[in-house]
Amino acid sequence: MQLALYAPGLGYYANASPKFGLLAASGSDFVTAPELSPTFGALLARQVRQALDATGTHEVWEFGAGSGALAAQLLAALGDRVRRYVIVDVSGSLRARQHERLAPWADRVEWLDRLPARIEGVVVGNEVLDAMPVQLLQRTGGVWHERGVALDAQGQFAWADRPTDLRPPVPIDGTHDYLTEIHPQAEGFLRTLAAHLARGVALLIDYGFPEGEYYHPQRHMGTLVCHRAHQVDSDPLADVGLKDLTAHVNFTGVALAAQDAGLEVLGYTSQGHFLINCGLQSELDALPQAQRAQAAKLVMEHEMGELFKVLAVGTAGVEGELMGFSSGDRTHRL
């Protein structure tokens, strides 16, 4: 997965192909919330502003900034409240697009390859965790295997299973064959972030489930899928490097990793609840009808509203409740 997504010049996020857009006709493969509607960034900016005030900080750090659409929306909405906007992105081709899109804020935006010893501010990660490589675990005949990639007799990629001591974080009821993922890299990212975040809040937005739903006995085919031309397929061994490869997030594992590393869990809810809490209605009232319909997809349960979740973690001493979790907080379900 690491190679398929990030191998220099060959990986999906390392090549120059279009990726983000509303329709396949644009050459894009999928749409993210900032491309769907600028209302997403406008509402997220309200939460970012409150978090900046609560922590007494002046910087925003975005991981995996994609096309730069979210950065542009946040910078436009926050104005001078942000003195420095730092982007950490491993994709050189996407960085070039970000430079172009964010030119109006060139005096405040910078790109880094590695983290400094100390970060103070608000961290944003929209659809970042799902693109971090996972390990596949396959239970066959009651025996757990790690599923890897090998070459078959024709020199083509093929699955290969090896017995392993690795296990999902919770027992899977039943004896049926079962495929799932574990997320050491995403959890490691939270531990690394905790080691560098001296003062601040991190807002992580992605599709996924709490542990009890993620490892439900009926979810026996896992969540690893590919996106290409706004279509979904389940064969990551075909057309490697030409399509996105992604797995849903186990938010319980991510939250526990943050907590074990010294951060506090400040809130967890659906994207729909989060955006409504941040003032969606007032934003919708100001939009023309066509744009209102697009923005509504951000919160509709059958669109992005329920599948996408928002997790907030932060350093000790963050004052007050974050507005995005004032209603419908689900931290107790993690």
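All of these numbers come straight from a predicted model, not from anything done at the bench.

S.K.: Residue-level account of the packing of helix H6 (residues 184–196) against helix H8 (residues 251–260), with values.
M.R.: Orientation of H6 relative to H8, taken along the N-to-C sense of each, is 30°, at an axis distance of 8 Å. Taken together, the axes of H6 and H8 lie roughly parallel to each other. The hand of the H6/H8 crossing is right-handed. For the pair H6 and H8, contact is made by Glu187, Leu190 and Arg191 and by Gly253, Val254, Ala257 and Ala258, respectively.

S.K.: Any details on the packing of aromatic side chains? Residues and values, ideally.
M.R.: All told, the structure shown has nine aromatic pairs when counted by the stated rule. Both rings, one in Phe63 and one in Phe189, keep their centres 5.2 Å apart while their planes meet at 80°; by these two values the pair is edge-to-face. On the criterion of sequence distance, the pair formed by Phe63 in strand E1 (residues 59–63) and Phe189 in helix H6 is long-range, its members being 126 residues apart. Of the two residues, Phe63 and Phe189, neither departs from the other in class, the shared state being buried. Counting every residue linked through ring pairs, the aromatic cluster contains Tyr6, Tyr12 and Tyr13. Over the ring of Tyr12 we find Lys19; its NZ or CZ atom is 4.9 Å from the centre of that ring.

S.K.: I'd like a rundown of the nonpolar core, residues and numbers included.
M.R.: It is characteristic of soluble globular proteins that their nonpolar side chains tend to be buried jointly. If you look at the biggest cluster of nonpolar residues, it comprises 47 residues, and the most contacted ones within it are Leu44, Val48, Leu74, Tyr85 and Leu102. At eight residues, the largest contribution of residues to this core is made by helix H3 (residues 39–55). Ignoring sequence-local partners within four residues, the contact set of Leu102 consists of Gly68, Ala71, Ala72, Leu75, Ile87, Val109 and Trp111. Of all hydrophobic cores here, the second largest spans 27 residues; its members include Phe189, Leu197, Ala257 and Ala258.

Thresholds, definitions, all that
- Residues numbered from 1 in each chain as written.
- Predicted model: local features only at pLDDT ≥ 70, side-chain atom pairs only at ≥ 80, totals over all residues.
- Heavy atoms only, no water.
- Axes fitted to C-alpha atoms, helices over the stretch in contact; angles between N-to-C directions.
- Helix = DSSP H or I, 4+ residues; strand = E, 2+ residues; numbered from the N terminus.
- Parallel < 35°, antiparallel > 145°, perpendicular 65-115°, else oblique.
- Left-handed = near helix turned anticlockwise from the far one by under 90°.
- Contact = heavy atoms within 4.5 Å.
- Phe/Tyr/Trp six-rings, centres within 6.5 Å; stacked < 30°, edge-to-face > 60°.
- Buried < 20%, exposed > 50% of the residue type's maximum accessible area, 1.4 Å probe, protein only.
- Lys NZ or Arg CZ within 6 Å of the ring centre and 35° of its normal.
- Core = buried A, V, L, I, M, F, W, Y, C linked by side-chain atoms within 4.5 Å.

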